[in-house]
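Inside the fold
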Amino acid sequence: MANLSALHKSMTWRISVNASLEPTRFFCNTSSKFHASFAPFSEVRNGALQDVSKNNRLSTNIVARREFTRRSRKKSHQPKTKDAFSRDSPGSPISAPALAKDLQDQDKGKKEQDVTDIDSDEIDKTSRGAQQVVVTGGKRNLKKKNIKGIDSDLIENRRSQLGTEESEKEKSQDIRASQKLHVAQDVNAVIKEEAEILERQNIEKEKAEARKRDLEKLANENSSVHNKIFFYPIPAKAGKEIKIFFNKSITTLSNEPKVFIMGAFNNWKWNSFMTELQKSEISGDWWTCKLSIPKEVYQIDFVFFNGVEIYENNDNRDFSIVVEGGLDKQSFEDLLLEEKRRELERLSAEEAERERMAAEQQRLEKEKAAVEADRAEAKKLVAERREQTWQVLQMAVKSVSGLWHIEPDDFKGGDRVKIYYNRKSRPLALSSDVWIHGGYNNWQDALSIVHKLAYDNAEDGDWWSVEVEVPNRAFILNWVFADGPPGNAKVYDNNNYQDFHAVVPKSIPEELFWAEEENFVFLRLQQERQKNEDAARRKAEKMQRLKAEMKQKTKKRFLESQKHIFYTEPMEVQAGKSAVVFYNPSNTVLNGKAEVWIRCSFNRWTHRLGSLQPQKMVSVDNSSHLKANVKVPLDAYMMDVVFSERGDEHGGLYDNRNGMDYHVPVVGGVLRESPMHIVHVAVEMAPIAKVGGLGDVVTSLSRAVQDLGHSVEIICPKYDCLNYSHVRDLQFRQEFYWGGTQIKVWHGKVEGLSVYFIEPNNGMFRVGSIYGRKDDGQRFGFFCHAALEFLLQSGSNPDIIHCHDWTSAPVAWLFQEHYKHCALANARIVFTIHNLEFGAALIGRAMAHAHKATTVSYTYAHEVSGHAAIAPHQYKFHGILNGIDPDIWDPFNDQHIPMAYTKENVVEGKRAAKEELQCRLGLKQVDRPLVGIITRLTAQKGVHLIKHAIRRTLDRSGQVVLLGSAPDPRIQNDFNNLAKHLHNTNGDMARLYLTYDEPLSHLIYAGADFILVPSIFEPCGLTQLTAMRYGSIPVVRKTGGLNDTVFDVDHDKGRAEAEGLEPNGFSFEMPDAAGLDYALNRALSAWYEKRDWFNLLCKQVMDQDWSWNRPALNYMELYHSARK
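Residues numbered from 1 in each chain as written. Predicted model: local features only at pLDDT ≥ 70, side-chain atom pairs only at ≥ 80, totals over all residues. Heavy atoms only, no water.

**With respect to unusual backbone geometry**
Each neighbour pair has its own omega, and for Ile234 with Pro235 the value is 0 degrees, a cis peptide bond. Cis geometry marks the peptide bond from Ala686 to Pro687; its omega dihedral reads 0 degrees. Positive phi, normally seen in glycine, also occurs at Asn316, with a value near 65 degrees. For Asn316, the location among the structural elements is in the loop between strand S14 (311–312) and strand S15 (319–324). Positioned with a positive phi, Asn658 is a non-glycine residue whose angle comes to about 60 degrees. (Helix = DSSP H or I, 4+ residues; strand = E, 2+ residues; numbered from the N terminus.)

This is the structure we're talking about:
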């Protein structure tokens, strides 16, 4: 133990310092008085802190990161002494700088002294004595003390072991030294950091004192002039914070215990806020709050209140602070618009998702109902079949002696059996062949057993037999015998019309069969329904796609048709982007002017920014066009343009498109045009009260405008001859007294439109017809006044009241005389002339009182412009073409023709329709040109030319079909005689149907090669438009709307190109036989001689859009113009 004791006295104590979570050991000799090794952590920390600085501000994190850990020693067996371990031992903890230096000294001497202990027990085991190995100076010396007989190999092995351990110790000591150095460096860095912190704190303290002085100064200055607020720092800057100070004592809130600020930014347009103020430390009754200013702000707007109802709002002017460094007003408005656009997109996406989910829910409910209906139908069908089969089953037997039998007589489904038949004395006794035509379960699958029988002489008589397989699910077999296979047999043995029936002995249980059969029928019904639904869905999708494509094409054609005067690039103007406006003054009233200026605004001249500054247009190279660049705001939905010769306030001469201005739709904006409320007052409406084209126009125009997103209503008389089958949800709406009678108002839906029916108790419209009475003027005048009175009493506030022809012309002056200054003052009157031949005096009076007036084509507007009723009002008179309803007239979805077709298969579709038309009318089934005529037989329609065209077509071996009637009995009688004559002379080449037949008209449009319209005058005409919809080529006289819609293939190429079209028909000018022959002969010759070209022409005309797509846009322009 003496040696071990000596070893203990020479041992070094070890302490660990925890740095960066890795143990680092420092060494010192016990004789060095380094009592910090044994001091508690708190004392070490305090001692280090005392030497850092005079301010004693060493951050506590230095200790947290550089913790001194416990002392350590290896395998010590001596008890601790008070002198060595007492916390009261002399000395004090060393400072941090001294600690760093000591660590470096320890590192230098780490290799000079170390102790390796050898366990005394191990030595006793090997040499029965204590052995001590001391390694000093990095060299190994082995000393023996009173040890004998120790094996030299043991010593050498021990020496080698000690050498390996010593090498590992040296590596460990190098690592420890490096860690000690890093600790020292970290301590120095922390000291430097703490010094910088102290410096910053001093600076902040000085700034705080300066701010306090500034605030006191500002408070005194503002108090002296009785200002209620001030803010700090000055100026207020975007993206920073300010403090707002409120002098409560001089405001309405002086006696309130709490004060709140409530405000928003940028003229109260953005990001509202509210917070409570606190009493400030500056002198006076100043209350304060802190406010962060967003970087988008140019102004702060606010008021103060007590949190309930008492406000301080700066004498109703509110408080505001100008902010520097934020967005300007225009940039902020653009930001708001962009935010609104994103919000609209989000709302649109949410709405679309809701609609999708609602549609899916509706689909599931519809599918569920359809499945239940299929199951009920299957149950019904199977019950009926079961009853019928039961009756047959009563007649079924296993055999009939001497006539037929089956072998074997005990069989089941799937077995092969032999049927024997004795034809002796039967209907087939003399036939050379015998066949069986059979089935099972009361002919469930019709003919499923068909075989030829062979003569069998195994039995007496005239026996024939055939082997057949019994169907698997059969419980009864059914058959007849014949002299040949199905389709060729002439003689049958059907058992005296009872058929033959045999029981299947081992059949499927009847109840199981019918249960399975019901399920089979149910599955079949489901498959058929789903197949039909899929076909209908695909067809509907194609129809929608075709309509969308046609709309897009029409829009493009509409814009391109103005290119010779005005267009934009891009053609589709985008909100938030720039567009280039091109203008050709050589085609306008500004032709030859030295300068042209563009004046532009947006949203029908109502944009929040007003009109843009006039801009001088510049030349375009190698063109007569001028151009100008226009920045389109994000909230634009329409660009509005006029042109002038000067840029000053007055502008000089203007081109404003005859008062309509130039307008270009803008897409992608955050605003949408507000819908208009339009009310039509009309005495006709298709299909419930139709006499002529007026009824078609009222319905089709209303539907087209409604499809654009506007609210459309129609008011018409409640005739006793209305076709109520087309009125949905007819209900009594209200009742009022006017004009000496009680008037009832009914409401219903017609073709998806909201319709109000006026029914006076005086019986004016219970006369069995729409027209034809001597008091028509009085009746319709009463109706017009009653319609306006209904609008007034119902509280309606329409933007436009649209009246039509002489029958509702009184609306125009009655409005101006009785309703202009009352609750209907918002409305504007638009009047449309459909035919100036009737009621010219009433039309003239309506023209004088209407805000805007139209007629149904450009050419007709020019033709009647000199009329006394029109001439004084040319400035408000416009021609707008009619259109046709593409849903009613659609060869791809027409139930009245045998084959649906589009332009892609027009040849096949029209061939099928022609064959059906020839078959139905009894015409000869030949491949000849077919001319169709669908018209009212009046002088206006050119009845003398119609008669000549019939004869001319027949002379050229063509066929003719006429559908129409004459209101004049003389004309009707004349055509009756012609029909009889043609029946006797050309019965298989001509048919005249002198009535009106809507389904037949569809078949004629589809089956005819040409449609003839030889009108003497024609305001618009819908026949030629419908003909082209069905791929039939129009042959027309050049007048009114016929001239505006039919472009001769030989003479009108340039005129067609100006409208963005291709030539589409044959036309003539003079209303005589020679003129008609010129057009009709060219048409028939093209059919005979250039069939491929003719077929291409049919496809071409089908690709043209004569729907209400474009006219509806033109009418909307007119409506807006009326409201300017």
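Now that the structure is up, let's keep going.
**Some words on the packing of helix H9 (residues 510–560) against helix H25 (residues 1109–1122)**
Running from N to C, H9 and H25 point in directions that differ by 55 degrees, and their axes come no closer than 9 Å. In terms of orientation, H9 lies oblique with respect to H25. In terms of crossing hand, the pair formed by H9 and H25 is right-handed. Where H9 abuts H25, its residues Met550, Lys551, Thr554, Arg557 and Phe558 lie against Asn1109, Arg1110 and Asn1114. Residues belonging to the contact of H9 with H25 are distributed by class as follows: two nonpolar, three polar and three charged. (Axes fitted to C-alpha atoms, helices over the stretch in contact; angles between N-to-C directions. Parallel < 35°, antiparallel > 145°, perpendicular 65-115°, else oblique. Left-handed = near helix turned anticlockwise from the far one by under 90°. Contact = heavy atoms within 4.5 Å. Nonpolar A, V, L, I, M, F, W, Y, C, P; charged D, E, K, R; others polar.)

**Structural notes on the confidence of the model for the protein**
Considering every residue of the protein, the mean pLDDT works out to 86; 86% of them sit at 70 or more. A low-confidence stretch, residues 1–101 stays under pLDDT 50, and its non-local contacts, those more than four residues away or across chains, total 144 contacts. Below pLDDT 50 for its whole length, residues 107–149 participates in 60 contacts with residues either more than four positions away or in separate chains. (pLDDT = per-residue confidence, 0-100.)

**Quick look at the packing of helix H13 (residues 810–819) against helix H14 (residues 840–849)**
Think of two packed helices as two axes; the pair is described by the angle between the axes and how far apart they sit. The contact between H13 and H14 brings their axes to 7 Å, and the two run at 45 degrees. The orientation of H13 relative to H14 falls into the category oblique. As H13 packs across H14, the resulting crossing turns out to be left-handed. Residues Ala812, Trp813, Gln816 and Glu817 of H13 form the contact with H14, whose participating residues are Leu842, Arg845, Ala846 and His849. The residue inventory of the contact of H13 with H14, partitioned by class, reads four nonpolar, two polar and two charged.

**Re the environment of Cys716**
Looking at the secondary structure, you find Cys716 in strand S36 (residues 711–717). Look at Cys716 and you get buried, because its relative accessible area is 1%. Between the C-alpha atoms of Cys716 and Tyr756, which are 40 residues apart in sequence, the distance is 6.5 Å. Residue contacts for Cys716: discarding those within four places in its chain leaves Ala682, Val755, Tyr756, Phe757, Ile758 and Phe783. (Buried < 20%, exposed > 50% of the residue type's maximum accessible area, 1.4 Å probe, protein only.)

**Describing the nonpolar core**
Within the largest apolar cluster, 76 residues are counted, with the highest numbers of intra-cluster contacts made by Leu937, Ile950, Leu962, Phe975, Leu992, Phe1010 and Phe1066. Ranked by the residues each element gives to this core, the list is headed by helix H23 (residues 1073–1089), at seven residues. Grouped together as the second largest cluster of nonpolar side chains are 64 residues, Ile688, Ile714, Phe736 and Ala809 included. (Core = buried A, V, L, I, M, F, W, Y, C linked by side-chain atoms within 4.5 Å.)

**Looking at helix H16 (residues 906–921)**
Structural remark: α-helix, 3.6 residues per turn; residues separated by three or four positions point the same way. When the terminal C-alpha atoms of H16 are compared, their 22 Å separation across 16 residues agrees well with the 22 Å that a helix rising 1.5 Å per residue should span. Within H16, the full set of buried residues consists of Val906, Gly909, Lys910, Ala913, Lys914, Leu917, Gln918 and Leu921. Buried residues in H16, looked at end-on, bunch into an arc of 165 degrees, giving them a common side. Buried residues along H16 sit against strand S44 (930–934), strand S45 (959–963), strand S46 (990–993), helix H19 (998–1007), H23 and helix H24 (1091–1102). Once H16 ends, the next one or two residues include Gly922, with phi positive near 75 degrees. (Expected span 1.5 Å × (residues − 1). Arc of directions from axis to C-beta.)

**Section: the sheet that holds strand S48 (residues 1033–1037)**
Backbone-to-backbone hydrogen bonds pair the strands of a sheet. The strands run either parallel or antiparallel. Taking strand neighbours across the sheet as the criterion, the six strands line up as S46-S45-S44-S47-S48-S49 in an open arrangement whose pairing is parallel. Of all strands in the sheet, those with a lone pairing partner are S46 and strand S49 (1066–1068), marking the two edges. Direction aside, the axes of adjacent strands within the sheet are offset by 15 degrees on average. Relative to S46, S45 runs parallel, the two sharing four bridges. Bridge pairing in S46 links Leu962 to Leu992. Taken strand by strand, helix H17 (residues 943–955) contacts S44, S45, S46, strand S47 (1010–1013) and S49, and its axis lies near 155 degrees from that of S45. Across the sheet, helix H18 (residues 969–985) lies against S45 and S46, angled at about 150 degrees from S46, the strand it touches most. (Pairing = 2+ DSSP bridges.)

**Some details on the packing of aromatic side chains**
Summed over the entire model, instances satisfying the criterion amount to 39 aromatic pairs. When the centroid spacing of 3.7 Å and the interplanar angle of 10 degrees are considered together, the rings of Tyr583 and Phe643 count as stacked. Of this pair, Tyr583 sits in strand S27 (residues 578–583) while Phe643 sits in strand S32 (residues 638–644), and the two are 60 residues apart along the sequence. Aromatic pair Trp1087 and Tyr1088: ring centres 5.3 Å apart, planes at 90 degrees, arrangement edge-to-face. Judged by relative accessible area, Tyr1088 falls into the partly exposed class, the value being 35%. Members of the aromatic cluster, connected to one another through ring pairs, are Trp404, Tyr421, Trp479, Phe481 and Phe500. A cation over an aromatic ring shows up here: Arg779 above the ring of Phe780, its NZ or CZ 5.1 Å from the ring centre. Lying over the aromatic face of Trp1087, Arg1091 brings its terminal NZ or CZ to 3.5 Å of the ring centre. (Phe/Tyr/Trp six-rings, centres within 6.5 Å; stacked < 30°, edge-to-face > 60°. Lys NZ or Arg CZ within 6 Å of the ring centre and 35° of its normal.)

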